[in-house]
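Each chain is listed here by its residues.
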Amino acid sequence: MKPPRNASPARRPLRRLVPAPVLSLALLVLWLLLNRSLSAGHIVLGAVLALAIPLLTAGLRPLPVRLRKPGAVLRLAGTVVADTTRSNLAVARLLLAPGRRRHPAGFVHIPLDVRDPNALAVLAMIVCITPGTAWAELSLDRSVLMLHVLELKDPAALIADVKRRYEAPLMEIFE
């Protein structure tokens, strides 16, 4: 990947050392949170890991990530938290009272407009962390997602929800 034309020569070595600054910062913060320590040793070890992991995994990232709308990221995160909480409650209800199941499980084919590999990866994570749904298959041309739903009431409404609540914000953020 070539640096942007307006990048100064002094920034190029820094960009090689820190190819994904947001990821590095997130890894450092996560390391410190998981260890519940702000000691010098944890900060140094977290910083080393935060710099090394993006360098070692650079080949696994299909495209550089450029977030176009940070506000949309926050709105999407809020939507995911709310939906995940609601789904957790619904799945707990099914587990605690299996006889109260209202609708059968099923598969839904969702036509996708999003094509960015990073957006598709985020969509996969959202679907997989939401209890009651599972990413089943993506068509070869990446135009249709097959989703398994634990309780499927209205496939058309589910398709509209996924497109409105997740796909549209992802397109706004990544494309």
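For the structure, check the block above.
Here is a short report on the structure shown in this document.

Reading the values: the criteria
Residues numbered from 1 in each chain as written. Predicted model: local features only at pLDDT ≥ 70, side-chain atom pairs only at ≥ 80, totals over all residues. Heavy atoms only, no water. Pairing = 2+ DSSP bridges. Helix = DSSP H or I, 4+ residues; strand = E, 2+ residues; numbered from the N terminus. Axes fitted to C-alpha atoms, helices over the stretch in contact; angles between N-to-C directions. Left-handed = near helix turned anticlockwise from the far one by under 90°. Contact = heavy atoms within 4.5 Å. Nonpolar A, V, L, I, M, F, W, Y, C, P; charged D, E, K, R; others polar.

1. What to know about the sheet that holds strand β2 (residues 133–138)
Part 1 of the argument: Reading across the sheet, the three strands line up as β1-β3-β2 and stay open at both edges, with antiparallel pairing between neighbours. Looking at which strands have only one partner, the edges of the open sheet turn out to be β1 (106–111) and β2. Adjacent strand axes in the sheet meet at a mean angle of 30 degrees, parallel and antiparallel pairs treated alike.
Part 2 of the argument: As paired elements, β2 and strand β3 (residues 144–149) share five bridges and run antiparallel to each other. In the strand pairing of β3, Leu-138 is matched with Leu-145.

2. Looking at the packing of helix α2 (residues 21–35) against helix α3 (residues 40–56)
Part 1 of the argument: For the pair α2 and α3, the least separation of the axes is 8 Å and the interaxial angle reads 140 degrees. The way α2 lies across α3 gives a crossing that is right-handed. In contact with Leu-23, Ser-24, Leu-27, Leu-28, Trp-31, Leu-32 and Asn-35 of α2, α3 contributes His-42, Ile-43, Leu-45, Gly-46, Ala-47, Leu-49, Ala-50, Leu-51, Ile-53 and Pro-54.
Part 2 of the argument: Tallied by class, the residues present in the contact of α2 with α3 amount to 13 nonpolar, four polar and no charged.

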